[in-house]
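A closer look at the structure
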Amino acid sequence: MRIGKGLLVLGGVAVIAAAGFATAASAQDQKTPKGWSYEIKDGKRVPKGDRVTNPDGSWREEVRQGNCVTIKEKSASGEYKETRQCNPR
């Protein structure tokens, strides 16, 4: 009798755990809102745009918003520069 109750409890726990994993998996498939500057991939924040990181630690990123392009650059020495250019159509 004890073995039957133990298996029943164990089966119930397994069903609840499976439902929890399914809920967590569906929550990760959601899109990031439009106004945010990053996306969520694999549970981590990833900046939007095309960022290229060099071996020396410097990087360059281009972010497009409509007709405008924002270029963000950071040198290996820590200097940050941001430029924005808008082209009318």
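Quick notes on the rules
- Residues numbered from 1 in each chain as written.
- Predicted model: local features only at pLDDT ≥ 70, side-chain atom pairs only at ≥ 80, totals over all residues.
- Heavy atoms only, no water.
- Pairing = 2+ DSSP bridges.
- Helix = DSSP H or I, 4+ residues; strand = E, 2+ residues; numbered from the N terminus.
- Axes fitted to C-alpha atoms, helices over the stretch in contact; angles between N-to-C directions.
- pLDDT = per-residue confidence, 0-100.
- Phe/Tyr/Trp six-rings, centres within 6.5 Å; stacked < 30°, edge-to-face > 60°.
- Lys NZ or Arg CZ within 6 Å of the ring centre and 35° of its normal.
- Salt bridge = Lys/Arg side-chain N within 4 Å of Asp/Glu carboxyl O.
- Buried < 20%, exposed > 50% of the residue type's maximum accessible area, 1.4 Å probe, protein only.

1. A closer look at the sheet that holds strand β4 (residues 59-65)
Spatial ordering of the open sheet is given by β3-β4-β5-β6, a layout of four strands whose pairing is antiparallel. Two strands lie at the open edges of the sheet, namely β3 (50-53) and β6 (80-86), each paired on one side alone. Strand-to-strand twist of the sheet, defined as the mean angle between neighbouring strand axes without regard to direction, takes the value 10°. Across seven bridges, strand β5 (residues 68-74) lies against β6 in antiparallel orientation. Residue pairing across strands places Lys-74 opposite Tyr-80, the latter belonging to β6.

2. Let's talk about the pairing of β3
As paired strands, β3 and β4 are joined by four bridges and run antiparallel to one another. The residue bridging Arg-51 from the neighbouring strand is Glu-61, located in β4. In this structure, the hairpin formed by β3 and β4 is closed by a connection of five residues, where Gly-57 is found at a positive phi of approximately 100°.

3. Comments concerning the confidence of the model for the chain
Chain-level pLDDT for the chain is 77 on average; 66% of the residues reach the 70-or-more range. Model confidence for the chain, summarised as mean pLDDT per element, is weakest for helix α1 (residues 2-27) at 65 and strongest for β6 at 95.

4. Notes on the packing of aromatic side chains
Two measures describe an aromatic ring pair: the distance that separates the ring centres and the angle between the ring planes. This model, assessed by the stated rule, comprises one aromatic pair. Between Trp-59 and Tyr-80, the aromatic rings sit 6.2 Å apart at their centres with planes inclined by 55°, giving tilted as the arrangement. In this pair, Trp-59 is assigned in strand β4 and Tyr-80 in strand β6, connecting sequence segments 21 residues apart. Seen from the ring of Trp-59, Arg-51 lies directly overhead, with NZ or CZ sitting 3.8 Å from the centre.

5. Here we look at the environment of Pro-55
Relative to the assigned elements, Pro-55 resides in the loop between β3 and β4. Expressed as a C-alpha distance, the spacing of Pro-55 and Ala-76, which sit 21 residues apart in the sequence, is 9.2 Å.

6. A short note on the pairing of β4
Bridging between β4 and β5 involves seven bridges; their strand directions are antiparallel. Considered in β5, the bridge of Arg-64 is made with Val-69. Connecting β4 to the next strand, β5, in antiparallel fashion are two residues, including Gly-66 with a positive phi near 65°.

7. A short note on the pattern of salt bridges
Inspection of the entire model under this criterion finds five salt bridges. With a closest N to O distance of 3.0 Å, Arg-51 and Glu-61 form a salt bridge. In this pair, Arg-51 sits in strand β3 while Glu-61 sits in strand β4, placing the two residues 10 residues apart along the sequence. Taking the relative accessible area as the measure of exposure, Arg-51 reaches 39% and is therefore partly exposed. Arg-64 is paired through a salt bridge with Glu-62; the nearest N and O atoms lie 3.9 Å apart.

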